[in-house]
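Letter by letter, the chains look like this.
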There are 2 protein chains.
Amino acid sequence: MTSAPTPWTLADGRDLLFFSLPGHSSHPVPDRRPLPDQSVAQSELRFDRTTGQWVIIAASRQDRTYKPPPDQCPLCPGPSGTTSEIPAADYDVAVFENRFASLSGAGDAAFRLPPTGGDAFLSAPSHGRCEVICFSSDHTGSFAQLDFAQARLVVEAWVHRTAALTAMPGIAQVFCFENRGEEIGVTLTHPHGQIYGYPYLTPRTERMLREAHAHRERRGTNLFTDIVEQEVAAGSRIVARDDMFTAFVPFAARWPVEVHIYPNRFVRSLAELDPVERDGFTRMYLTILQRLDRLYSLPLPYMAAVHQYTDDETQREGCFHVEVISTRRSATKLKYLASSESAMEAFINDVAPESAAAALRRL
Amino acid sequence: MTSAPTPWTLADGRDLLFFSLPGHSSHPVPDRRPLPDQSVAQSELRFDRTTGQWVIIAASRQDRTYKPPPDQCPLCPGPSGTTSEIPAADYDVAVFENRFASLSGAGDAAFRLPPTGGDAFLSAPSHGRCEVICFSSDHTGSFAQLDFAQARLVVEAWVHRTAALTAMPGIAQVFCFENRGEEIGVTLTHPHGQIYGYPYLTPRTERMLREAHAHRERRGTNLFTDIVEQEVAAGSRIVARDDMFTAFVPFAARWPVEVHIYPNRFVRSLAELDPVERDGFTRMYLTILQRLDRLYSLPLPYMAAVHQYTDDETQREGCFHVEVISTRRSATKLKYLASSESAMEAFINDVAPESAAAALRRL
């Protein structure tokens, strides 16, 4: 359906890609900004032996672009080649490597994550990839306000980038996500998301896959498929459902607003959905985001996380789904992750999942 | 050193305890507030089969006291018995059961956490205990501003409450902590902390104990003792050290401000420290909190987590320590837990641990 993206290169060597709607094409100009060399600023991975987890130490990000005025937005089109990360008069969807990357240098075939389990301080280059995806050239608005064709193009760009990053040596997990709203710490208001290629399986994904493997051993079935069936049977937490997708507030939701969107048939990634199903996913995702903005009659700060898996031994039980969460617990109050959550990872949710689902069903 | 606390009972049956400085005594009056029955509002535990973790669903907390004006502070002394959680003309340190408790009903000998590993939605009463500890009757100020004797009394109250809650049937972990600052979501500014008795081992504690057990199997030594020795040898992340305690920024710090305080000899809890060591801990803890407030020349929002363990089989490798963390990454900016941290638990720290330690050493 979509033609191949147009590749371009920024002044400091970073990749830029243009995804275009049918009939459109991109006309980039040279990036003439004097940008510092990227290679000097690589971040570091450090292994925490008390938790068995990697932590990314990205000191160079401390100086990243912070709430610039609208006329200096680096995500708006920059026809002069001197003002923007996207040197072009216009674009539909653009993807580029993050200038302030937590993970970089992906594609080095010699890179190996060092073995853990030793007894000394352990670190490694923060090998991976961080991309920014601009949902639209329009500085205002949000994903929920995209028209169908534009949103569908973003989905297609996610499919493309997931495949490209997964194929890079040393990348273990590709994560497409959106942080939306100042309350989540967003420093650029132009509608955009991000795509991370991590060199390790993230802790939450690792744990979910472990639970799914244990479920397979015990029951012979897929954990996520079973849960969706049980949520449909229970009914009280369903937000929306059609012949292809089901959206619900999970039984043990950790956040005051939390909606999961699952396909009705088991697939591991957006790529495994056929074009008609990708249309269906786009519609369901837009429906959910639009309802979330109506929940408190003001734009909801949210995090949207696209969970995708490969079919290798480790990830085979993972089921594609999207989790949208928000810290807004009422029109005027935010949920904070304080000591119970931040220091002990014991989550306390002040909103009953059934109430949250009922409110979202009514909208 | 400290005499036994004076027990009292609030109008709705909740426990209140007064801890007094030598020579002081408490003179509570009856609590004459018309309070609703506590027993109707018990929260719920729900098991998340995708992560293997319990989540606390505490819908009744949604209406908890939110930023009251100073003259209605429920933690200030209430000599009339009609205005405060602490019906007395004055107090030194007071501890009471939280009126808006995430966990309650601890002490029911018949309570058992239901077995996990089944294939249906699993829930249980949110059995446990949530206490509030007022560090001082003075509405203003902070823990860092307490004089030594007052801070030492708080430590003694922590010892007392940890022993009392640990002895209650069905409590698996006791967690003393302080959330400080509006940026952390604190809704009462009166200096206070909290004490939770969880019916399960929290996810982070469980993981730390698992790593420590594996280290014992592999090396025959305690993981935390080894790490403190290595931090001392490395030197670059040490913040302060004396003959009894060592404070450092950990090698793989997850937060822009993160200081861990460990005893130089292995103990599992404050109770295992002798009185002279408790004096030493109080001094070191005050030193660290005072430096943290000087870091940006403004009161630092922080979370302080007291990690304590019992000597049973599961917890034996746990080493008592305190972790103080903050989301403030500069004088004007906060670190937000956005999608990488909140959805994937992949932490990105924008501040090099060595820089943070150097700044705190200089103060």
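This one's a predicted model, so the numbers in the text were calculated from it and none came from an experiment.

Some remarks on the overall build of chain A
Argument step 1. Counting its secondary structure elements, chain A contains six helices and 16 strands.
Argument step 2. For 363 residues, the compact-globule estimate of 2.2 N^0.38 gives 21 Å, and chain A sits close to it at 21 Å.
Argument step 3. Overall, the C-alpha framework of chain A stretches about 60 × 55 × 40 Å when taken along its three principal axes.
Argument step 4. Of all 363 residues assigned to chain A, the portion counted as buried reaches 61%.

Observations concerning the relation of the copies chain A and chain B
Argument step 1. Once turned by 180 degrees and shifted 0.0 Å along the axis, chain A lies on chain B with an RMSD of 0.0 Å. The symmetry that links the two subunits is that of a two-fold axis. Proximity to the rotation axis, assessed at the C-alpha, singles out L337 of chain A in chain A; its C-alpha lies 4.3 Å from the axis.
Argument step 2. Of the interface residues in chain A, 100% have counterparts in chain B that sit at the interface too, so the contact is made through matching surfaces.

Concerning the UniProt feature "active site" (unreviewed entry) in chain A
Argument step 1. When the UniProt feature table is mapped onto this chain numbering, "active site" (unreviewed entry) sits at H192 of chain A.
Argument step 2. Apart from residues no more than four positions distant in its own chain, H192 of chain A is found in contact with L75, V132, I133, C134, F135, E178, N179 and V186 of chain A.

Digging into helix 6 (residues 353–362) of chain A
Argument step 1. Buried residues of helix 6 of chain A: P353, A356, A357, A358 and L360 of chain A, and no others.
Argument step 2. Structurally, helix 6 of chain A contributes buried residues whose contacts are with strand 11 (238–241), strand 13 (257–263) and helix 4 (275–295) of chain A together with strand 3 (44–48) and strand 4 (53–57) of chain B.

Things to note about the environment of V276 of chain B
Residue and element names in this part refer to chain B.
Argument step 1. Looking at the secondary structure, you find V276 in helix 4 (residues 275–295).
Argument step 2. Under the relative-accessibility criterion, V276 is labelled exposed at 53%.
Argument step 3. Taking the C-alpha atoms as reference, V276 lies 18 Å from A247; in sequence the two are 29 residues apart.

Things to note about the sheet that holds strand 3 (residues 44–48) of chain A
Argument step 1. The four strands are arranged 7(A)-3(A)-4(A)-16(B) in an open sheet whose pairing can be described as mixed. The sheet is open, and its two edges are formed by strand 7 (123–125) of chain A together with strand 16 (348–349) of chain B, each paired on a single side.
Argument step 2. Examined bridge by bridge, strand 3 of chain A and strand 7 of chain A share three bridges and lie antiparallel to one another. By the bridge assignment for strand 7 of chain A, L45 of chain A is matched with A124 of chain A.

Quick word on the sheet that holds strand 16 (residues 348–349) of chain A
Argument step 1. The sheet built from four strands is open, its strands ordered 16(A)-4(B)-3(B)-7(B) with mixed pairing. The open sheet terminates on both sides in strands that have one partner only, identified here as strand 16 of chain A together with strand 7 (123–125) of chain B.
Argument step 2. Here strand 16 of chain A pairs with strand 4 of chain B via two bridges, running parallel. In the sheet register, I348 of chain A faces strand 4 of chain B, and the bridge partner there is I56 of chain B.

Side note on the side chain of S26 of chain B
Residue and element names in this part refer to chain B.
Argument step 1. Relative to the helices and strands, S26 is located in the loop between strand 2 (15–19) and strand 3.
Argument step 2. In this structure the side chain of S26 is engaged in a polar contact, spanning 3.3 Å, whose partner is the side chain of T6.
Argument step 3. S26 has contacts with T6, F18 and S20, leaving out every residue within four places of it along the chain.

Observations concerning unusual backbone geometry
Residues and elements named next belong to chain A.
Argument step 1. Even without being a glycine, S297 presents a positive backbone phi close to 55 degrees.
Argument step 2. When you line up the elements, S297 lands in the loop between helix 4 and strand 14 (302–307).
Argument step 3. Unlike most non-glycine residues, E345 shows phi in positive territory, near 60 degrees.
Argument step 4. Tracing the chain through its elements places E345 in the loop between helix 5 (339–344) and strand 16.

What about the side chain of S326 of chain B?
Residues and elements named next belong to chain B.
Argument step 1. Mapped onto the secondary structure, S326 falls in strand 15 (residues 321–326).
Argument step 2. Here R328 takes part through its backbone nitrogen, which lies 3.1 Å from a polar atom of the side chain of S326.
Argument step 3. In this structure, S326 is in contact with W255, P256, V257, L300, P301 and Y302, ignoring residues within four places of it in sequence.

So, how was this worked out
Residues numbered from 1 in each chain as written. Chains lettered and ligands numbered in written order. Predicted model: local features only at pLDDT ≥ 70, side-chain atom pairs only at ≥ 80, totals over all residues. Heavy atoms only, no water. Helix = DSSP H or I, 4+ residues; strand = E, 2+ residues; numbered from the N terminus. Rg over C-alpha atoms; globule rule 2.2 N^0.38 Å. Buried < 20%, exposed > 50% of the residue type's maximum accessible area, 1.4 Å probe, protein only. Least-squares fit on C-alpha atoms with pLDDT ≥ 70 in both. Contact = heavy atoms within 4.5 Å. UniProt positions renumbered as here; feature names shortened; annotations may be inferred. Pairing = 2+ DSSP bridges. Polar contact = N/O pair within 3.5 Å; in protein donor to acceptor, adjacent residues only side chain to side chain.

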